[in-house]
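This is what each chain is made of:
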Amino acid sequence: QVQLVESGGGLVQAGGSLRLSCAASGRTFYTYNVGWFRQAPGKEREFVAARSRSGATTEYADSIKGRFTISRDNTKNTVYLQMNSLKSEDTAVYYCTAASLWPRVATTATSWNYWGQGTQVTVSS
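Residues numbered from 1 in each chain as written. Predicted model: local features only at pLDDT ≥ 70, side-chain atom pairs only at ≥ 80, totals over all residues. Heavy atoms only, no water.

**Q** I tried to follow the sheet that holds strand E3 (residues 18–24) on my own but got confused; where do I start?
**A** Whenever strands of a sheet pair, they do so through backbone hydrogen bonds, lying parallel or antiparallel. Taken in spatial order, the 4 strands make up an open sheet running E1-E3-E8-E7, and their pairing is antiparallel. Lying at the two open borders of the sheet, with one neighbouring strand each, are strand E1 (4–7) and strand E7 (68–73). Between one strand axis and the next, the sheet turns through 20 degrees on average, direction left out of account. Examined bridge by bridge, E7 and strand E8 (residues 78–83) share 6 bridges and lie antiparallel to one another. Residue pairing in the sheet places serine 71 in a bridge with tyrosine 80 of E8. (Pairing = 2+ DSSP bridges. Helix = DSSP H or I, 4+ residues; strand = E, 2+ residues; numbered from the N terminus. Axes fitted to C-alpha atoms, helices over the stretch in contact; angles between N-to-C directions.)

If you want it as C-alpha cells, here you go:
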C-alpha cells in the first residue's frame, strides 16, 4: 500500500515556474513507477508525465514536452514535477500516481494503482 500527498501548487503568472512535490509513504516506494496526471474543470484526467522505477524510461505528454520534467529522490520518497514556461492551459488539479508494474498504457489513468488527493495549479495570463 502506498499513500501519496502532493504539494507545491499555487497561482503563477504565465511564463513562470512551479515545482510540485509528491511525498510517498512506505519503505519500498523506490520499487514503484510514478507519474503525474492533471484534470481541468469539465475535462477528463489527462496524462502529463511518467517515470519508471529505474529511471530508464520516461514519458511526457506532447503538450508539456520540453517544459516539464519528472524526477524522483528515493532517499526522500518524493517525486517532483518541475514546470517551466507555464501557460494558462496548464491550469488544472495535478495528481501524483504510482504503480508497482509499469502500466501497459502509461497514458491511461486506469492503468495506475495509487493516487494522491491533488494540488491546484492556476496560471494567470
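Now that the structure has been shown, the text picks up again.
**Q** Would you mind going over the nonpolar core with me for this structure?
**A** In globular proteins that are soluble, nonpolar side chains generally tend to be buried together. By size, the foremost hydrophobic cluster in this structure holds 35 residues, and its most contacted members are Leu4, Phe29, Trp36, Leu81, Met83 and Tyr94. For this core, the secondary-structure elements that each account for two or more residues are E3, strand E4 (33–39), strand E5 (46–51), E7, E8, strand E9 (92–99) and strand E11 (119–124). Considering every element that reaches this core, the biggest residue donor is E9, with 5 residues. Non-local contacts of phenylalanine 29, meaning those with residues more than four positions away in its chain, are made with Val2, Leu4, Ala24, Val34, Arg72, Asn77, Val79 and Ala98. (Core = buried A, V, L, I, M, F, W, Y, C linked by side-chain atoms within 4.5 Å. Buried < 20%, exposed > 50% of the residue type's maximum accessible area, 1.4 Å probe, protein only. Contact = heavy atoms within 4.5 Å.)

**Q** Explanation requested: the state of the cysteines in the structure shown.
**A** Covalently bonding the sulfur atom of one cysteine to the sulfur atom of another cysteine gives a disulfide. In the structure shown here, the tally under the stated rule is 1 disulfide. With a sulfur-sulfur separation of 2.1 Å, cysteine 22 is cross-linked through a disulfide to cysteine 96. Residues cysteine 22 and cysteine 96 are joined by a disulfide whose S-S torsion is about -80 degrees; by sign, that bridge is left-handed. On the criterion of sequence distance, the pair formed by cysteine 22 in strand E3 and cysteine 96 in strand E9 is long-range, its members being 74 residues apart. Overall, cysteine 22 belongs to the buried group, its relative accessible area being 0%. For cysteine 96, a relative accessible area of 0% translates into the label buried. (Disulfide = S-S within 2.5 Å.)

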